[in-house]
Amino acid sequence: HRDLHSFPTRRSSDLMFTWVTFAASPLRIEVFGEAIAIPDLPNPVSKININDYRYSGCDAIKLRVTNNCGDLLEIKQANASHGNEAGDTVQLLHQTVRDFLLTDGASPFNMIRPLGQNVIAKSCIQYLEMALNHNEWKSTYGWIDKDYRSFVFHLFSWPLLPYVIHFRSEER
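Quick notes on the rules
- Residues numbered from 1 in each chain as written.
- Predicted model: local features only at pLDDT ≥ 70, side-chain atom pairs only at ≥ 80, totals over all residues.
- Heavy atoms only, no water.
- Helix = DSSP H or I, 4+ residues; strand = E, 2+ residues; numbered from the N terminus.
- Buried < 20%, exposed > 50% of the residue type's maximum accessible area, 1.4 Å probe, protein only.
- Contact = heavy atoms within 4.5 Å.
- Areas by Shrake-Rupley, 256 points an atom, 1.4 Å probe, with all protein chains shown as cover.
- Salt bridge = Lys/Arg side-chain N within 4 Å of Asp/Glu carboxyl O.
- pLDDT = per-residue confidence, 0-100.
- Lys, Arg positive; Asp, Glu negative; His and termini not counted.
- Polar contact = N/O pair within 3.5 Å; in protein donor to acceptor, adjacent residues only side chain to side chain.
- Pairing = 2+ DSSP bridges.
- Phe/Tyr/Trp six-rings, centres within 6.5 Å; stacked < 30°, edge-to-face > 60°.

Colleague: Give me the overall build of the chain: which residues, what numbers.
Modeller: Along the chain, the regular secondary structure elements total seven helices and three strands. Counting from the amino terminus, helix and strand elements in the chain follow one another as α-β-α-α-β-β-α-α-α-α. Here the chain holds 172 residues, and the buried ones make up 37% of them. Contacts in the chain between residues far apart in sequence, at least 24 positions, make up 67% of those at least 6 positions apart. For the chain, the accessible area works out to roughly 10,400 Å², and carbon and sulfur atoms hold 54% of it.

Colleague: For the pattern of salt bridges, give the residues involved together with the corresponding values.
Modeller: Under the counting rule described, the total for this entry stands at three salt bridges. A salt bridge links Arg10 to Asp14; the shortest N-O distance between them is 3.1 Å. Placement of both Arg10 and Asp14 in helix H1 (residues 10-22) is noted, with a separation of four residues, approximately one turn of the helix. For Arg54, the salt bridge goes to Glu34, with nearest N and O atoms at 2.7 Å. Within this pair, whereas Arg54 is found in the loop between helix H2 (29-37) and helix H3 (58-69), its partner Glu34 is found in helix H2, the two being separated by 20 residues in sequence. In this structure Glu34 comes out as buried when scored by relative accessible area, which is 5%.

Colleague: How would you sum up the confidence of the model for the chain? Please name residues and give values.
Modeller: Averaged over the chain, the pLDDT score is 83; the fraction of residues at 70 or greater is 81%. Within the chain, strand S3 (residues 89-92) carries the highest mean pLDDT (94), whereas helix H7 (residues 161-170) carries the lowest (74). For the stretch residues 1-5, pLDDT sits under 50, and the model shows 12 contacts to residues farther than four places along the chain or on other chains.

Colleague: Can you break down the side chain of Asp88 residue by residue, with the values?
Modeller: For Asp88, the location among the structural elements is in the loop between strand S2 (73-76) and S3. Despite its burial, Asp88 remains without a salt bridge, the nearest opposite charge being carried by Lys62 at 4.3 Å. Every residue in contact with Asp88, bar those within four places of it in the chain, is listed here: Leu27, Arg28, Ile29, Lys62, Ile75, Lys76, Gln77 and Ala78.

Colleague: Please set out the side chain of Arg54 residue by residue, giving values where relevant.
Modeller: Judged by its relative accessible area of 17%, Arg54 is buried. Polar side-chain contacts of Arg54 include one of 2.8 Å to the side chain of Asn51. Within the structure, Arg54 has its side chain in polar contact with the backbone oxygen of Ser157 (distance 3.1 Å).

Colleague: Tell me about the pairing of S3, residues and numbers included.
Modeller: Here strand S1 (residues 27-28) runs beside S3; their pairing, made up of two bridges, is antiparallel. Its bridge partner lying in S3, Leu27 is registered against Val90. The pairing of S2 with S3 spans four bridges and is classified as antiparallel. Paired with Leu73 across the strands is Leu92, a residue of S3.

Colleague: So what's going on with the packing of aromatic side chains? Which residues, and what values?
Modeller: Geometry of an aromatic ring pair is reported as the spacing of the ring centres plus the angle between the planes. Following the criterion strictly, the structure yields five aromatic pairs and no others. Measuring from centroid to centroid gives 5.8 Å for Phe17 and Phe109, while their planes differ by 65°, and the two rings are edge-to-face. One end of the pair, Phe17, is in helix H1; the other, Phe109, is in the loop between helix H4 (95-101) and helix H5 (113-132), and 92 residues separate them in sequence. Taking the relative accessible area as the measure of exposure, Phe17 reaches 3% and is therefore buried.

Colleague: Before we move on, could you go through unusual backbone geometry and cite the residues and values that matter?
Modeller: Residue Pro108 is reached from Ser107 by a cis peptide bond, and omega for that bond is 10°. In this fold, Pro108 is placed in the loop between H4 and H5.

Colleague: Lay out the sheet that holds S1 in plain terms, naming residues and giving numbers.
Modeller: As summarised here, the arrangement of the three strands in space is S1-S3-S2, forming an open sheet in which the pairing is antiparallel. The open sheet terminates on both sides in strands that have one partner only, identified here as S1 and S2.

As structure tokens, this is what we get:
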């Protein structure tokens, strides 16, 4: 496992601001972590192992958010009394931050809606390809119950997948 998240980068900051600014719905922290872990590489998807890019838990995602975006992004606790970080969402600190990012004055971090939506759409397509790019899923001919259960279990290991499916259906 490579430590690809050890230092802030401009690409990481841009990607975080893009997802939080233009996502169709608020993203839970583990879903956000998955979104920003999608590699932006020219390699064919079949040669990418997402586990090389995934963050190791909510604390690693929080640290990455802080290192890349300072206090402009925050982790909103879903319910502090339960101590369950999984329901926490990543969001802009305030509406004025979003308003600022959408202006030319925010350069080099200004967000342009069509470009941001394009980044998210491409990421969703790449993520879907990674999730389904296994030889064992190529053909369902001859599958039995065990195969279908295995496939569903596999899909549950991809936290961003429900967003991807929802995002694509909303774009029609």
